[in-house]
2 protein chains.
Amino acid sequence: MNIKLNDHFLEVKETYLFSDIAKRVKKFQEDNPDREIIRMGIGDVTLPLPDSVTSAMEEAVKEMSDKDTFHGYPPEYGYAFLREAIAAHYKDIGAPTVTPEIIYVSDGAKSDLGNLPDILGDNPVIIPDPVYPVYVDSNIMNGRKISFASGNEENGFLPLPPSAEGTAPSVIYLCSPNNPTGAVYNYEGLTAWVDFALATGSLIIFDAAYEAFITEDKPHTIYEIPGAENCAVEVSSFSKFAGFTGVRCGWTVVPDTLEVNGVKLSKFWARRQATKFNGVSYVTQKGAAASLSGKGLEDCKANIAYYKRNAAALAEVFTAKGIYFTGGVNSPYIWLKCPGNMGGWEFFDLILGRFGIVGTPGEGFGSNGSGFFRLTAFGSYENTIKACGYFREL
Amino acid sequence: MNIKLNDHFLEVKETYLFSDIAKRVKKFQEDNPDREIIRMGIGDVTLPLPDSVTSAMEEAVKEMSDKDTFHGYPPEYGYAFLREAIAAHYKDIGAPTVTPEIIYVSDGAKSDLGNLPDILGDNPVIIPDPVYPVYVDSNIMNGRKISFASGNEENGFLPLPPSAEGTAPSVIYLCSPNNPTGAVYNYEGLTAWVDFALATGSLIIFDAAYEAFITEDKPHTIYEIPGAENCAVEVSSFSKFAGFTGVRCGWTVVPDTLEVNGVKLSKFWARRQATKFNGVSYVTQKGAAASLSGKGLEDCKANIAYYKRNAAALAEVFTAKGIYFTGGVNSPYIWLKCPGNMGGWEFFDLILGRFGIVGTPGEGFGSNGSGFFRLTAFGSYENTIKACGYFREL
């Protein structure tokens, strides 16, 4: 063929992070067939869906097998019952301005984060480092110029905005609780970003996928911050809250107050979703709605508490050992500084070889991740406690 | 905000087709509260999912509620069991070169059709007219220059390629069986397009969403045509075949032989999907796989036969009346020329007022749709026969 491709794709860095990890683990297993492996590497949930959620899904599947209750094409932006349930959740977490009409249900936060650049023009992009790699890669694919907001030990991996003066209107990505660092902005920090966005005419894309892990007094949603309705969209997900990584459901909030020269951003997103997407499975949406009320909500909160207990146990060990880390409190992640100035891969090999523990070298999340390491709390309590014992020996 | 938006979105024509239809139907109902409405407008299935499929989905939901059988993040390009089942289907329809590794499972054909322009550069685009509006709209959103291949009475709404000489490498959309015309390319027609694409260095995006309706000796997949593996991707879907409009599952075939200057197109699509998408629900994939074998396949074929019987009944009436139409044989659509040189909307009002029948004016599918009308065979047999009786009176 002689057609032109989108050559920006060639600028995306090939990442072998998880395949490299898999290779090293495989070799370890071959060399040590009798050793147990404790997996704390991948950010995937492990607890099954609660019966309260699966029974709603089973009920929905049954409806699909009956002519009178069959559901064809779903509404493009989600069933009213789910948009209303999500809006009720926003009311609970202190953001009553998030009404059903501005909530767009999708097949997951990753899709929405990847697709949002579709509706935007050629703006400078500001992304924290370290960060979830999708923000960077999807913007490189669109040929955008990225500058990084440096997360580091000094600012607790919660970078604050640069000076508004001289900064062009930009697209800003924020993730709180952060993946991979587990760090969570407080009200002052997030207000600084909102004020910066308002002062520079910028748009914030706020990733709240780990919101449900917040228990301290920190913002659950950017719409708790005054002015956010004029500068921010928010992307969120049932993946971590309800264990939906394998079910696929998320949403994006696009307030109708977001405008550029009188043109509503919501019109662009609505058009994008209506043209390039066809809604989410009825069965999935029924399960998602079940996770947001009554027994379903209770059960999902219990699962979150289970993971948080793991995170707390890990945090206790690293605190006792005087190892610097972020996360562990309002997050399923522990982001620790590798002891003895080790690099992330060096530490990876050390704890795999000594303890059989698999984690993720910080190098996979940006240049500021160098010398850091991510552990997840998504394993079983028993394995996490075992890992804690090993880390105490460090 | 002062950021730049993707202003190409403003060039997309606002369509009020289905909302206009809804408004006219609502008014009719208010004016005639006792009249029955026969809906033959929207291309959505109406038969429920077969038990053979829903029982696989229920089983999958149960697995999700058990720690030992829970499934987290799905593989990015689909579970092996589903990719293998789709490959087996391609073998059955005469395209054994479509192997599991080149099949990318997604949440539906519409998503893939909308997202494919992501990976392409600024090429001229050739789209048949009339056609499914997503091809046009998603390319306008990317700022592409579109030329139309005219479908009309003369070519039976199956336009052939222009002269290869002087045609720049292009991106070509083909849909067969076509939505809205129901017309299906024969081997000669599709071979002409493949030869044209090979001669001009073009890429064909082949939409095979209605493939399961083909019973005559016509190509089910573009990979039945020699050379297609060097110039074509194919997008397909479980929506119409298995009644999955409300379940959401489709796929795209990207042969590894598709290359531009030694760069594989599959690498771009794989990267796009891995970055901006997170796979399809385990429950959905289990249901999709069930529809492709044994009892599931039998049941889905029975549903297709049910719709095809409706289409045949309609075709018989229009044939008897000497009204020109395409489709009705290998397709759930009848695309008819409005009698008496009426425009589509005029005919819409006529049959709504006289018979209570709702269809879709051809004007919604491109300028060549003017004066034509789409009827779908997705209603009940009883209603279709009733409609046939009315059309006989025309």
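Residues numbered from 1 in each chain as written. Chains lettered and ligands numbered in written order. Predicted model: local features only at pLDDT ≥ 70, side-chain atom pairs only at ≥ 80, totals over all residues.

### So, the overall build of chain A
Then comes step 1: The helix and strand tally for chain A stands at eleven helices and 15 strands.
Then comes step 2: A compact globule built from 394 residues should have a C-alpha radius of gyration of about 21 Å, and chain A, at 21 Å, falls within 12% of that.
Then comes step 3: Along the first, second and third principal axes, the C-alpha atoms of chain A reach 60 × 60 × 55 Å.
Then comes step 4: Residues counted as buried form 56% of the 394 residues belonging to chain A.
Then comes step 5: Long-range pairs, those at least 24 residues apart, make up 72% of the contacts in chain A with a sequence separation of at least 6. (Helix = DSSP H or I, 4+ residues; strand = E, 2+ residues; numbered from the N terminus. Rg over C-alpha atoms; globule rule 2.2 N^0.38 Å. Buried ≥ 20, exposed ≤ 12 C-beta atoms within 10 Å, placed from the backbone. Contact = placed C-beta atoms within 7 Å.)

### Considerations on helix 8 (residues 282-290) of chain B
Then comes step 1: A large share of helix 8 of chain B lies buried, amounting to nine of its nine residues.
Then comes step 2: Among all positions of helix 8 of chain B, only Y282, V283, T284, Q285, K286, G287, A288, A289 and A290 of chain B are buried.
Then comes step 3: The elements touched by buried residues of helix 8 of chain B are helix 8 (282-290) of chain A together with helix 2 (51-64), helix 3 (80-92), strand 2 (103-106) and helix 9 (294-320) of chain B.

### Quick notes on the sheet that holds strand 14 (residues 360-361) of chain B
All names here are of chain B.
Then comes step 1: As summarised here, the arrangement of the four strands in space is 11-12-15-14, forming an open sheet in which the pairing is antiparallel. Each edge of the open sheet is held by one strand with a lone partner, namely strand 11 (325-327) and strand 14.
Then comes step 2: Here strand 14 pairs with strand 15 (residues 372-376) via two bridges, running antiparallel. Residue pairing across strands places T360 opposite R374, the latter belonging to strand 15. (Pairing = 2+ DSSP bridges.)

### Some words on the pairing of strand 8 (residues 250-253) of chain B
Residue and element names in this part refer to chain B.
Then comes step 1: Residue alternation in strand 8 divides its side chains into two sets, G250 and T252 and W251 and V253, and both sets are buried.
Then comes step 2: Note: strand 2 against strand 8, four bridges, orientation antiparallel. Within the sheet, the bridge partner assigned to Y104 lies in strand 8 and is T252.
Then comes step 3: As paired elements, strand 7 (residues 232-237) and strand 8 share four bridges and run antiparallel to each other. Paired with S237 across the bridge in strand 8 is G250.

### Regarding helix 11 (residues 381-393) of chain B
Along an α-helix, a turn takes 3.6 residues, which lines up residues three or four apart on a common side.
Residue and element names in this part refer to chain B.
Then comes step 1: Taking 1.5 Å of rise per residue, 13 residues should cover 18 Å, and helix 11 covers 19 Å from first to last C-alpha, within 8% of that figure.
Then comes step 2: Listed in full, the buried residues belonging to helix 11 are T384, A387 and F391. Axial view of helix 11: buried residues confined to an arc of 60°, hence all on one face. Among the exposed residues of helix 11, those pointing more than 90 degrees away from its buried face are E382, G389, R392 and E393.
Then comes step 3: Elements in contact with the buried residues of helix 11: strand 1 (38-39), helix 9, helix 10 (344-355) and strand 13 (357-358). (Expected span 1.5 Å × (residues − 1). Arc of directions from axis to C-beta.)

### A few points about the nonpolar core
Then comes step 1: Within the largest apolar cluster, 249 residues are counted, with the highest numbers of intra-cluster contacts made by I204 of chain A together with I204 of chain B.
Then comes step 2: When residues no more than four places from it in sequence are discounted, the contact partners of I204 of chain B are I172, L174, W193, A197, I222, C231 and A232 of chain B. (Core = buried A, V, L, I, M, F, W, Y, C linked by C-beta atoms within 7 Å.)

### A look at the interface of chain A and chain B
Then comes step 1: Listed as interface residues are 70 residues of chain A and, on the opposing side, 70 residues of chain B.
Then comes step 2: Listing elements by their share of the side of chain A that touches chain B, those giving two or more residues are helix 2 (51-64), helix 4 (109-115), helix 5 (133-141), strand 9 (259-260), helix 7 (265-276) and helix 8 of chain A.
Then comes step 3: The element contributing the most residues to the side of chain A that touches chain B is helix 2 of chain A, with six residues.
Then comes step 4: Considering only residue class, the side of chain A that touches chain B consists of 32 nonpolar, 22 polar and 16 charged. (Nonpolar A, V, L, I, M, F, W, Y, C, P; charged D, E, K, R; others polar.)

### As for the domain arrangement of chain A
All names here are of chain A.
Then comes step 1: Taken domain by domain, chain A consists of domain 1 (16-45 + 296-393) and domain 2 (52-292).
Then comes step 2: For domain 1 versus domain 2, the separation of C-alpha centres amounts to 27 Å.
Then comes step 3: At the interface, 28 residues of domain 1 touch 34 residues of domain 2.
Then comes step 4: At seven residues, helix 9 (residues 294-321) tops the list of elements feeding residues into the side of domain 1 that touches domain 2.
Then comes step 5: Split by residue class, the side of domain 1 that touches domain 2 holds eleven nonpolar, 13 polar and four charged. (Domains from an automatic or database assignment.)

### So, the environment of L375 of chain A
Then comes step 1: One can find L375 of chain A in strand 15 (residues 372-376).
Then comes step 2: Ignoring anything within four residues of it in the chain, the contact list for L375 of chain A reads M40, L314, I334, L336 and G359 of chain A.

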